[in-house]
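Chain by chain, the residues:
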Amino acid sequence: MKALRCENQKLSVAEVPVPEANGEALVRVILSGICNTDLEIARGYAGFEGTLGHEFVGVIESMPEASASARASQPGEPSLTVGLLTPGDRVVGEINAGCGNCELCRAGDSRHCARRTVLGIVGRDGAHAEFLKLPPVNLLPVPGEVSDERAVFIEPLAAACGILERVSITKDTRVAVIGDGKLGSLCAQVLAATGAAITLFGKHPNKLQIAARRGIATIVIDKANPGSGKFDVAVEASGSPTGFDLALDLLRPRGILVLKSTFQGFTKLDAARIVVDEISVVGSRCGRFQPALDLLKQNAVDVESLISEEFALADGVQAMKRAAASGVLKVLLRP
Ligand SMILES: [Zn+2]
Ligand SMILES: [Zn+2]
């Protein structure tokens, strides 16, 4: 099969064997999405070598005999998702695969399992390929009304939902989101669904438009930003070090700074300001998929507008270049 590989910091679309399922589910990929993390990995972040990609929608090709996948609901999921998954079902898949034995895994949440692998990021070949494999417990069925083009956004959307696991946000919370890229736009939309007043800060009026059309207040970042010292929570999703400074400007004393971007290398942070203003700093990475699937089902978020372009998997290297170009949002790959 074809796979977009990163080896010795070199990208290529290679012919590789279809993964051996070995007790896991084999999934035929319908669409995969290029994430900024893929671009960072190609630059050497996380030291990953192998098939890139962790955002996908696919169809189950085969399931392991024993499991027949009676999927139990997991902590943090609003509803029971017990169902039998069988070959032919359209699915998305959570990207952290735990050891299955530690306390965290036994409690149904492998996101911080010390021995986890992560699809296309840590020790596990990813989704920019014709096939991938994941433990059956990671897979969730995609409701019929959610198109492939929307379902492929489930992972970044879940990452945005993950903020709500880390910070309590009510309709009275004043939230600033910094960054008008894919992540910032999704964070703003997910947080707006709580009823809270969200203001999205960005540099590109055309990108801010996507959130503005959903009724979210948007502000173009310039020298004198209104709203300094006014926000209870600031979400840094710009991936740019200057986003930190802006976040600290915007927060009220004892506000909460949520960090969503994984920067490569170190970032300068004004620690004295955090002490003096008694800011709480909260990291946030992956979220559960079910709340994100519910948002897609309810049409509560606009993800289609974030699609810039679709490439054939065979043109994956070119697609990665395109995804790194300024002004480009989501680039999709179709095997
Ligand atoms: Zn991602
Ligand atoms: Zn574990």
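In short, a report on the structure.

About the criteria used
Residues numbered from 1 in each chain as written. Chains lettered and ligands numbered in written order. Predicted model: local features only at pLDDT ≥ 70, side-chain atom pairs only at ≥ 80, totals over all residues. Heavy atoms only, no water. Helix = DSSP H or I, 4+ residues; strand = E, 2+ residues; numbered from the N terminus. Lys, Arg positive; Asp, Glu negative; His and termini not counted. Charge placed at Lys NZ, Arg CZ, Asp CG, Glu CD. Axes fitted to C-alpha atoms, helices over the stretch in contact; angles between N-to-C directions. Parallel < 35°, antiparallel > 145°, perpendicular 65-115°, else oblique. Contact = heavy atoms within 4.5 Å. Nonpolar A, V, L, I, M, F, W, Y, C, P; charged D, E, K, R; others polar. Pairing = 2+ DSSP bridges.

## Let's talk about the overall build of the protein
Okay, step 1: The secondary structure content of the protein amounts to eleven helices and 18 strands.
Okay, step 2: A principal-axis box enclosing the C-alpha atoms of the protein has dimensions of 60 × 40 × 35 Å.
Okay, step 3: Computed over 36 positive and 38 negative side-chain charges, the separation of the two mean positions in the protein equals 4 Å.

## Overview of the packing of helix α4 (residues 154–161) against helix α10 (residues 289–297)
Okay, step 1: α10 packs onto α4 with a crossing angle of 110 degrees between their chain directions and a minimal axis gap of 8 Å. Here α4 is positioned roughly perpendicular relative to α10, judged by the angle of their axes. The segment α4 lies against α10, with I154, E155, L157, A158 and C161 engaging F289, P291, A292, L293, L295 and L296.
Okay, step 2: By residue class, the composition of the contact of α4 with α10 is ten nonpolar, no polar and one charged.

## Observations regarding the sheet that holds strand β11 (residues 174–178)
Okay, step 1: Overall, parallel pairing links the six strands, which are arranged β13-β12-β11-β14-β15-β16 in an open sheet. Two strands lie at the open edges of the sheet, namely β13 (217–220) and β16 (280–283), each paired on one side alone. Averaged over neighbouring strand pairs, the angle between their axes works out to 20 degrees when direction is ignored.
Okay, step 2: In this sheet, strand β14 (residues 231–236) lies alongside β11 in parallel orientation, the contact comprising four bridges. Its bridge partner lying in β14, A176 is registered against A234.
Okay, step 3: Across the sheet, helix α8 (residues 242–250) touches β11, β12 (197–202), β14 and β15 (251–259), and the angle it forms with β15 is around 145 degrees.

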